[in-house]
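Coordinate inspection notes
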Amino acid sequence: MSVDLHCHSTVSDGVLTPDAIARRAYGCGVQVWALTDHDELSGQLLARDTAQALGMRYVSGVEISVTWAARTVHIVGLGIDIQDQNLLDGLQQTRSGRADRARRIGANLERLGMPGAFEGALPYAGNPELISRTHFARYLVEKGYCPDVQTVFDRYLSDDGPAHEPMRWAKLETAVSWIRSAGGIAVIAHPGRYHYTELEFGAFFDAFKDCGGLGIEVITGSHSTVQFSHYAQVARDYGFMASCGSDFHSPTESRHDLGSLPPLPDDLKPVWKSLI
Ligand code: AMP
Ligand code: MN
Ligand code: MN
Ligand code: MN
């Protein structure tokens, strides 16, 4: 079965609308699908209706920005009630600092010799409340400062980059509680991307489990094949369910298309078994 439980639409930092990405997922052979926009649920109805009309199983989703041990981590919520007021309020609160932060990123880029980036990035954000680093990256590519979005991150906007502005996002236990109270399953997104020490990783997985987190992405577009095996073992060691998703954002920027990744190892418990 082809399953993809992580991708983005124009509601956050993807380039396809929720219905267009549903059609693309279907065209790629995906049978069980979730749209997981950053900190926002407004694409869910259109994604679900389009997916179901095409005959795909739809799992509601969101990717919540969290700060743990001074670093940003992403927690995916799957199978959430998209009308849950507690979750909606929490996401609203999470989004609220983005506009000011975007101005600070713009100022940083100006100091680095790239003026006008805040005004330039805004039109790239379909939803101004959700203005993100990716929108800045697209603008800088448009202006010819870098050849592609990945280069912008590598030079300026990665978590340790010179134009990055750290945020204090939601606390881990708070984000997990929003997901749980909305009836969903909390899943650690792309663990291989976090720059924690081995000790910190252990503490992070323990903290996530202690507050009711149940799943981890093992197969994601962000992981190498070595990381597939490593996080499969983490899932076994901690008793986490396993998830998989491309983290698709754009046909031209994303390395992996929807539904294009290998299946989960057979012995792991797939997170979607309890969701469909
Ligand atoms: P933000 O929510 O504004 O902090 O932006 C986070 C988004 O930027 C992520 O969801 C990715 O789409 C993208 N991103 C973050 N770090 C990187 C990176 N090192 N390389 C490529 N894209 C990145
Ligand atoms: Mn993103
Ligand atoms: Mn992410
Ligand atoms: Mn993502």
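Residue numbers restart at each chain and count upward from 1, following the sequence in its written direction. Whichever chain is written first is A, and whichever ligand is written first is 1; the rest continue in order. Two thresholds apply to this predicted model, a pLDDT of at least 70 for residue-level local features and 80 or more for giving and counting side-chain atom pairs, whereas whole-chain, interface and lining totals are computed over all residues. Think of the side-chain values as coming from all heavy atoms in the structure, minus any hydrogens and water.

A pair is scored as a salt bridge if a Lys or Arg side-chain nitrogen falls within 4 Å of a carboxyl oxygen belonging to Asp or Glu. Applying the stated criterion across every chain yields a total of twelve salt bridges. Between Glu-253 and Arg-138 there is a salt bridge, with the nearest N and O atoms lying 2.8 Å from each other. A residue pair is termed long-range when its members are at least 10 positions apart, and Glu-253 in the segment after strand S9 (241-245) and Arg-138 in helix H6 (residues 133-142) qualify at 115 residues. What you see here is one network of salt bridges that share partners, running through Glu-40, Arg-95 and Glu-129. Helix and strand definitions here come from DSSP, where helices need a minimum of 4 consecutive H or I residues and strands a minimum of 2 consecutive E residues; each element is numbered from the N-terminal end.

Further remarks concern the coordination of the manganese ion (ligand 3). Listed donors are limited to N, O and S atoms within 2.8 Å of the metal, widened to 3.2 Å for Na, K and Ca; water is not among them, so incomplete-looking sites are possible. Coordination of the manganese ion (ligand 3) by the protein comes from Glu-63 (OE), His-74 (ND1) and His-190 (NE2), over a distance range of 2.1 to 2.2 Å. Sequence spacing among the residues donating to the manganese ion (ligand 3) works out to E-x10-H-x115-H. Between the manganese ion (ligand 3) and the manganese ion (ligand 2) the interatomic distance comes to 5.4 Å. Placement of Glu-63 in strand S4 (residues 61-68) and of His-190 in the loop between strand S7 (185-188) and helix H9 (198-210) is noted, with a sequence separation of 127 residues between them. You'll find Glu-63 and His-190 in the same group, each marked buried. Throughout, exposure labels follow a simple rule: accessible area from a 1.4 Å probe, protein chains only, divided by the maximum for the residue type, with under 20% read as buried, over 50% as exposed, and the rest as partly exposed.

Our focus in this paragraph is the site of ligand 1. Neighbouring ligand 1 are Asp-13, His-38, His-74, Arg-98, Arg-101, Ser-132, Arg-133, Thr-134, Gln-150, Phe-153, Arg-193 and His-249. Nitrogen and oxygen atoms within 3.5 Å of one another constitute a polar contact, given that in protein one can donate a hydrogen and the other can accept it, and given that sequence-neighbouring residues count only through two side-chain atoms. Asp-13 places a polar side-chain atom, nitrogen or oxygen, 3.1 Å from an oxygen atom of ligand 1. Accessibility throughout is a Shrake-Rupley quantity obtained with a 1.4 Å probe, and a residue counts as covered only by protein chains that appear here. Summarising the interface, the protein chains cover 85% of the accessible area of ligand 1, which totals 500 Å² for the free molecule. Contributing elements (two or more residues each) for the shell around ligand 1: helix H4 (98-111), H6 and helix H7 (149-157). Whether a residue is near a molecule or strand is decided by its heavy atoms; if any one of them lies within 4 Å of it, the residue is near.

When the domains of the protein chain are assigned, the result is domain 1 (3-95 + 168-274) and domain 2 (98-157). Delimitation of the domains relies on an automatic or database domain assignment. With centres defined by C-alpha atoms, the gap from domain 1 to domain 2 works out at 24 Å. Each partner contributes residues to the interface: domain 1 has 16 residues there, and domain 2 has eleven residues. When two parts are brought into contact, each loses some accessible area as probed by a 1.4 Å sphere; the total of that loss over both is the buried area. Buried surface at the junction of domain 1 and domain 2, both sides included, amounts to about 1,000 Å², of which 42% is carbon and sulfur. The largest per-residue losses of area from domain 1 upon contact with domain 2 belong to Asp-13, Arg-95 and Glu-253, which jointly make up 46% of the total buried on that side. By the convention used here, residues are in contact when the closest approach between their heavy atoms is within 4.5 Å.

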